[in-house]
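Inside the fold
For reference, the chains in residue letters:
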Amino acid sequence: MSHQYPSLQADNTLGLAIRAHHRIIADTPEAILTAWQRAERHQQPFILLGEGSNVLFLDDFAGTVVLNRIKGINIQEQDDSWKIHVGAGENWHALVESTLREGIAGLENLALIPGMAGSAPIQNIGAYGVELKDVCAYVDVLDLRTGETARLSQQECAFGYRDSIFKHQYQQGYAITALGLSLSKQWRPVLTYGDLTRLNPATATPQDVFDAVCRMRRSKLPDPRVTGNVGSFFKNPLVSREQADRLMSAYPDMPHYPQACGEVKLAAGWLIDQCQLKGFRLGGAAVHQQQALVLINADQASSQDIVELARTVRARVGQKFDVWLEPEVRFIGAQGECNAVEIIS
Ligand code: FAD
Ligand code: EPU
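Residue numbering note: each chain is counted from 1, following its sequence as written. Chain A is the first chain written and ligand 1 is the first ligand written, with later ones labelled in order. Side-chain atom pairs in this predicted model are given and counted only at pLDDT of 80 or more, local residue features only at pLDDT of at least 70, and totals for whole chains, interfaces and linings cover all residues. Only heavy atoms go into the side-chain values, all of them from the structure, while hydrogens and water stay out.

1. Brief notes about the sheet that holds strand β13 (residues 238–239)
Under the convention used in this document: Should DSSP find at least two bridges between two strands, the strands are regarded as paired. Runs of H or I in DSSP of at least four residues are treated as helices and runs of E of at least two as strands, each being numbered from the N terminus.
The strand order β13-β15-β14 describes an open sheet built from three strands, whose pairing is antiparallel. Edge strands, defined here as strands with exactly one partner in the open sheet, are β13 and β14 (256–258). Bridging between β14 and strand β15 (residues 264–266) involves three bridges; their strand directions are antiparallel. Opposite Tyr-257, over in β15, you have Lys-265 as the bridge partner.

What follows is the structure, given as structure tokens:
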């Protein structure tokens with residue numbers, strides 16, 4: 001695509017040198033609607049982005065990219081909880097910090113996750129024992145075909161592991177415009193994961209949890225401002241109890257997390273690590289040395305470099321363990337979203 005088209009290099013945390021026909025910053029729902037209607041009239045593809053921290057552009061985008069920058073945070077105090085209404089274009093981590101500063105606890109385990117607040121419900125962001133679903137009260141969603149906004153309750157969002165209704169029924173033709181959070185005043189620290197288990201539940205403060213989470217994340221995850229990445233590239237796979245038992249007898253040290261549904265979640269990072277892929281490089285793309293689940297833009301990677309690397313990682317893990325990883329990251333082609341598994345199979 002010609003250089004006269006706007007660059008999206010600063011709008012995707014992989015830092016890929018991608019362009020789009022139109023790049024629009026929207027700070028109101030009406031601006032999103034207008035951009036969508038214009039794209040429809042010209043029969044052009046349309047996509048919304050927050051900070052581009054969970055997307056892999058496969059190619060230049062042959063249409064309109066709208067960056068959601070709807071701002072505004074409104075906090076209301078109730079007897080037993082805090083109700084927070086957040087514009088979809090507020091930065092998630094800044095929200096976590098500002099609530100802590102106000103003496104409002106509950107978001108500290110979700111510190112340092114890049115992206116916008118309005119993107120958080122889409123894959124039900126999660127880290128260190130907490131998921132968005134634990135604090136979400138509602139999501140406001142604009143139907144771009146009718147111009148009407150609906151408020152979906154927490155239950156209606158159908159949250160699952162890295163999943164929600166916004167990846168299914170509400171995926172195409174909808175824009176998330178705001179998020180409602182409910183944070184209980186009866187704060188109980190969640191200290192079940194990693195270094196957090198070393199904190200004393202009787203004395204740990206929300207700030208202690210926040211600091212420990214930030215320390216753990218900084219030691220493993222690359223800062224996208226320095227090294228392009230999209231966090232975990234793949235989801236942690238769910239396998240049957242039988243398959244988990246077979247793998248456990250061959251690899252007794254394998255991390256495994258039995259789920260309420262009867263299936264067992266495995267650690268994709270461990271599986272990749274066991275294939276000796278840490279630091280493995282293909283073109284400008286590489287497997288991160290500190291966390292094998294993270295693929296990085298090591299040196300001016302192309303989209304194709306990242307795709308080839310993901311394909312190699314999936315094949316190597318599949319051949320060794322018969323576990324077939326699925327990307328967490330959304331693959332965006334010139335015309336819109338593509339099936340990520342098909343592309344790397
Ligand atoms: P984008 O990447 O811009 O968009 C993601 C998808 O949502 C796209 O398909 C886009 O079209 C769609 N979309 C964006 N905005 C809207 C909207 N307003 N309405 C409708 N659709 C929209 N995730 C976790 O869950 N846990 C983690 O611990 C975690 N750690 C990470 C660490 C790093 C270093 C990085 C780079 C990423 C990490 N992620 C993590 C992934 C990522 O931060 C989250 O998925 C985040 O919620 C994405 O937000 P975003 O605004 O960047 O979304
Ligand atoms: N492991 C290895 N080698 C590696 C990486 C991990 O052996 O290279 C092992 C670890 O030692 C640990 C296990 O695998 O026993 C799990 O690793 P870790 O605690 O780092 O977490 P993860 O499963 O790799 C998940 C989320 C992260 C989230 C962290 C913390 C997914 C796909 N990823 O990572 O989310 O921050 O837990 O809760 O569920 C993201 O979604 O982008 C993301 C970063």
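This is not the end of the story, as more comes after the structure.
2. What to know about the UniProt feature "domain: FAD-binding PCMH-type" (unreviewed entry) in the chain
Note the following rule: UniProt positions are given in the numbering used here, feature names are shortened, and annotations may be inferred rather than shown by experiment.
With numbering matched to this structure, UniProt assigns "domain: FAD-binding PCMH-type" (unreviewed entry) to residues 16–186. In this annotation, residues 16–186 is assigned 13% helix and 37% strand; the end-to-end C-alpha distance for the span is 44 Å.

3. Focus: the UniProt feature "active site" (unreviewed entry) in the chain
Put simply, the test is: Here the term buried applies to any residue with accessible area under 20% of the maximum for its type, exposed to any over 50%, and partly exposed to those in between, with areas from a 1.4 Å probe on protein chains only.
On the UniProt side, "active site" (unreviewed entry) is annotated at positions that read Arg-162, Ser-232 and Glu-328 here. Despite a sequence span of 167 residues, these residues sit close together in the fold, their greatest C-alpha distance being 11.2 Å. The residue Arg-162 is located in the loop between β10 (148–153) and β11 (174–184) in this model. Residue class for Arg-162 comes out buried when judged on its relative accessible area of 14%.

4. Quick notes on helix α4 (residues 241–250)
Operational definition: The arc in question is the one traced by the directions running from the helix axis out to the C-beta atoms. By definition in these notes, contact holds between two residues if any of their heavy atoms fall within 4.5 Å.
Those residues of α4 that sit buried are Gln-243, Ala-244, Leu-247 and Met-248. Buried positions in α4, seen along its axis, are confined to an arc of 135 degrees and lie on one side of it. The exposed residues of α4 that point more than 90 degrees off its buried face are Glu-242, Arg-246, Ser-249 and Ala-250. Turning to α4, the residues buried within the fold contact β13, β14, β15 and α6 (303–321).

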